[in-house]
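Below are the chains, spelled out letter by letter.
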Amino acid sequence: MKIISFVSAKGGVGKSTSALYCAYILSKFYKVLLVDLDNQNSLTRYFINTHKEINNKTILQVLLEKISLKETIKQVSHNLDFIPSDEFLESLDAELKHQREYKLFYTLKPVMADYDYIIIDSPPNLPVHAKLAISMSNYIVIPTPLSDWEIDTIPIVINYIKAYGIQNQTTIGISLDKLSIVPTLVENRHSISITGLERLKAEYGKDVIGSISKREEIKQQKTYRNIENLEKTLAYEEYLKVVELLLDKKLSQKRKTVGAKS
Ligand SMILES: Nc1ncnc2c1ncn2[C@@H]1O[C@H](COP(=O)(O)OP(=O)(O)OP(=O)(O)O)[C@@H](O)[C@H]1O
Ligand SMILES: [Mg+2]
């Protein structure tokens, strides 16, 4: 089982979109749990229509030990389970009493053996719950658009990982396999994207993986409201490449064996 977190210090960079695509792609070959750890609830709103349907069965309630983890897990498509978020998640910092740094890890631990991958979507600005995600992830992905403003914020995440993340991971026996940066909202003909990509590659080298183009089809979320429709979007192939690069071709080997059997 491996844990993949999508994090950034900036908002609106494509964390939730990337988490959604990558979770869906992986679920075609593996058993996946997607966790919405953002109080803005983007993914929760994608999968679940009403508050009534969520009925307070969210990750926050589990972290606060008010309900059991299994009560919150919903199957959203074949091989893909989901845990909804809570708009009050930001109160976690004040409310968490014990096991603070490792709370999310120990909360999810009982179901870890049921999944091949756990994917965590996190909020911007690195509040406590985003830090909990970093501190338990084998793969950390920082999506970033290519303006200087956005690239300048990448060290905020990296510095946190170096200062606390790695140490917290060691304590719970997790090792960071990879830290990757994915260019998002890329406009191939625009000079900001061209110079931004050059800068990103100069500063982060082979940690920069794939490239996700800015596309109207993603903005117009309605066109892919049904998760199976993600596969029909042009971004799907770009995200497939990101997942391949992130997992060092493990996915392409898996795709070949699955293809050979069918
Ligand atoms: N490749 C893309 N092309 C066009 N629009 C995109 C693309 N990726 C994301 N978007 C849109 O940009 C907005 C921000 O994306 P998203 O919600 O994935 O970012 P985020 O980093 O999760 O934001 P937040 O920090 O607020 O959680 C959304 O409206 C989304 O539909
Ligand atoms: Mg988001």
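The rules behind these values
- Residues numbered from 1 in each chain as written.
- Chains lettered and ligands numbered in written order.
- Predicted model: local features only at pLDDT ≥ 70, side-chain atom pairs only at ≥ 80, totals over all residues.
- Helix = DSSP H or I, 4+ residues; strand = E, 2+ residues; numbered from the N terminus.
- Expected span 1.5 Å × (residues − 1).
- Bend = angle between axes of the 7 residues up to and from the residue.
- Buried ≥ 20, exposed ≤ 12 C-beta atoms within 10 Å, placed from the backbone.
- Contact = placed C-beta atoms within 7 Å.
- Near = placed C-beta within 6 Å.
- Nonpolar A, V, L, I, M, F, W, Y, C, P; charged D, E, K, R; others polar.
- Pairing = 2+ DSSP bridges.
- Axes fitted to C-alpha atoms, helices over the stretch in contact; angles between N-to-C directions.
- Core = buried A, V, L, I, M, F, W, Y, C linked by C-beta atoms within 7 Å.

As for helix α10 (residues 154-171)
And then number 1: Compared with an ideal rise of 1.5 Å per residue, which puts 18 residues at 26 Å, α10 spans 25 Å between its outermost C-alpha atoms and is within 8% of the ideal.
And then number 2: At Ile161, α10 shows its maximal bend, which comes to roughly 50 degrees.
And then number 3: Residues Val157, Ile161, Gly165 and Gln169 constitute the buried set of α10.
And then number 4: Its buried side turned inward, α10 meets α8 (128-134), β6 (139-144) and β7 (178-183).
And then number 5: Following α10 by one or two positions, Gly173 has its phi on the positive side, about 80 degrees.

Regarding the site of ligand 1
And then number 1: Not every one of the 21 residues close to ligand 1 is listed here, only the nearest: Gly11, Lys15, Ser16, Thr17 and Pro124.
And then number 2: Elements with a minimum of two residues in the shell around ligand 1: α1 (15-27) and α12 (216-219).
And then number 3: The greatest single-element share of the shell around ligand 1, amounting to three residues, is contributed by α1.
And then number 4: When its residues are assigned to classes, the shell around ligand 1 shows seven nonpolar, nine polar and five charged.

Examining the sheet that holds β7
And then number 1: One open sheet accounts for seven strands, arranged β3-β4-β2-β5-β1-β6-β7; its pairing is mixed. Strands with a single pairing partner mark the edges of an open sheet, and in this sheet they are β3 (74-77) and β7. With strand direction ignored, the average angle separating the axes of adjacent strands in the sheet is 25 degrees.
And then number 2: Strands in contact with α10 are β6 and β7; relative to β6, the strand with the most contacts, it is inclined by about 165 degrees.

Comments concerning the nonpolar core
And then number 1: Of all hydrophobic cores here, the largest spans 63 residues; its most connected members are Cys22, Ala23, Leu34 and Ile119.
And then number 2: Examining the composition of this core, we find that eight residues originate from one element, α1, more than from any other.
And then number 3: Once residues lying within four places of it in the same chain are set aside, the contact partners of Leu34 are Ala19, Ala23, Leu43, Leu80, Phe82 and Ile119.

Examining the pairing of strand β5 (residues 117-121)
Within a regular beta strand, the side chains point alternately toward one face of the sheet and then the other, so they alternate between its two faces.
And then number 1: Of all five residues in β5, five are buried; the element is thus mostly enclosed.
And then number 2: Of the two faces of β5, the one lined by Tyr117, Ile119 and Asp121 and the one lined by Ile118 and Ile120 are each fully buried.
And then number 3: Bridge analysis of strand β2 (residues 32-36) against β5 gives five bridges, and the strand direction is parallel. Across the sheet, the residue bridging to Leu34 is Ile119, located in β5.

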